[in-house]
Amino acid sequence: MNDITFFQRFENDIVAGRKTITLRDASESHFTPGQQLRVGRYEDDVYFCTIEVVSVTPVALDQLTDEHARQENMTLPELKEVIAEIYPGLNELYAIVFTRVTKA
Ligand SMILES: CC(=O)Nc1ccn([C@@H]2O[C@H](CO)[C@@H](O)[C@H]2O)c(=O)n1
């Protein structure tokens, strides 16, 4: 059983350490620093790595910066577009910073 899922298109970036943050809604804001999470693909729930949570911080959509985008391996406009698709109309997000600890 996995603890968190990501869209398959982000798998390579996460495994390579190029994506070190995810922005989620309140339903996924309960993770705590130091916790290790089994990560699966959203589409098929196949496990692909384990990450360790570094921090979970509330952040409003309009507070997102180039630094958040860099940690997503995206530009800020790309990141805002992705969030608008996943969480339409939502302003209150949580930035989960993580490190990858093991591959599948
Ligand atoms: C079920 C569900 O919500 N799954 C999600 C949600 C978010 N994300 C990624 O986190 C960042 C900011 O949202 C972007 O890189 C998103 O694509 C994801 O991969 N999978």
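Quick caveat, the model's predicted, so the values are computed rather than measured.

Definitions and limits used
Residues numbered from 1 in each chain as written. Predicted model: local features only at pLDDT ≥ 70, side-chain atom pairs only at ≥ 80, totals over all residues. Heavy atoms only, no water. Near = heavy atom within 4 Å. Polar contact = N/O pair within 3.5 Å; in protein donor to acceptor, adjacent residues only side chain to side chain. Areas by Shrake-Rupley, 256 points an atom, 1.4 Å probe, with all protein chains shown as cover. Helix = DSSP H or I, 4+ residues; strand = E, 2+ residues; numbered from the N terminus. Nonpolar A, V, L, I, M, F, W, Y, C, P; charged D, E, K, R; others polar. Buried < 20%, exposed > 50% of the residue type's maximum accessible area, 1.4 Å probe, protein only. Arc of directions from axis to C-beta. Contact = heavy atoms within 4.5 Å. UniProt positions renumbered as here; feature names shortened; annotations may be inferred.

Points about the site of the ligand
Part 1 of the reasoning: The immediate surroundings of the ligand are formed by 14 residues, with Phe10, Lys19, Thr22, Leu23 and Glu72 found nearest.
Part 2 of the reasoning: In the environment of the ligand, an oxygen atom lies 3.1 Å from a nitrogen or oxygen atom belonging to the backbone of Phe7.
Part 3 of the reasoning: Relative to its free-state accessible area of 430 Å², the ligand is covered by the protein chains to the extent of 91%.
Part 4 of the reasoning: Residue assignment for the shell around the ligand shows that the elements contributing at least two residues are strand S1 (4-6), strand S2 (21-24) and helix H3 (76-86).
Part 5 of the reasoning: At three residues, S2 tops the list of elements feeding residues into the shell around the ligand.
Part 6 of the reasoning: Partitioned by chemical class, the residues of the shell around the ligand number nine nonpolar, two polar and three charged.

Looking at H3
Part 1 of the reasoning: Of the residues making up H3, those classed as buried are Leu76, Leu79, Val82 and Ile83. One face of H3 carries all of its buried residues, which in axial projection span an arc of 125°. Away from its buried face, by an angle of more than 90 degrees, H3 presents the exposed residues Pro77, Glu81 and Glu85.
Part 2 of the reasoning: On its buried side, H3 packs onto S2, helix H2 (66-71) and strand S5 (92-103).

Topic: the UniProt feature "active site" (unreviewed entry) in the protein chain
Part 1 of the reasoning: Taking the numbering used here, the UniProt-annotated feature "active site" (unreviewed entry) corresponds to Lys19, Thr22 and Glu72. A maximum C-alpha distance of 8.0 Å places the annotated residues, which cover 54 residues in sequence, within one compact spot.
Part 2 of the reasoning: Mapping Lys19 onto the fold places it in the loop between helix H1 (11-16) and S2.
Part 3 of the reasoning: What Lys19 contacts, discounting residues up to four positions off in sequence, is Phe6, Phe10, Asp13, Ile14, Gln71, Glu72 and Phe98.
Part 4 of the reasoning: Sequence-distant contacts of Glu72, defined by excluding residues within four places in its chain, comprise Arg18, Lys19, Ile21, Thr22, Leu23 and Leu79.
Part 5 of the reasoning: In this structure the side chain of Glu72 is engaged in a polar contact, spanning 2.4 Å, whose partner is the side chain of Lys19.

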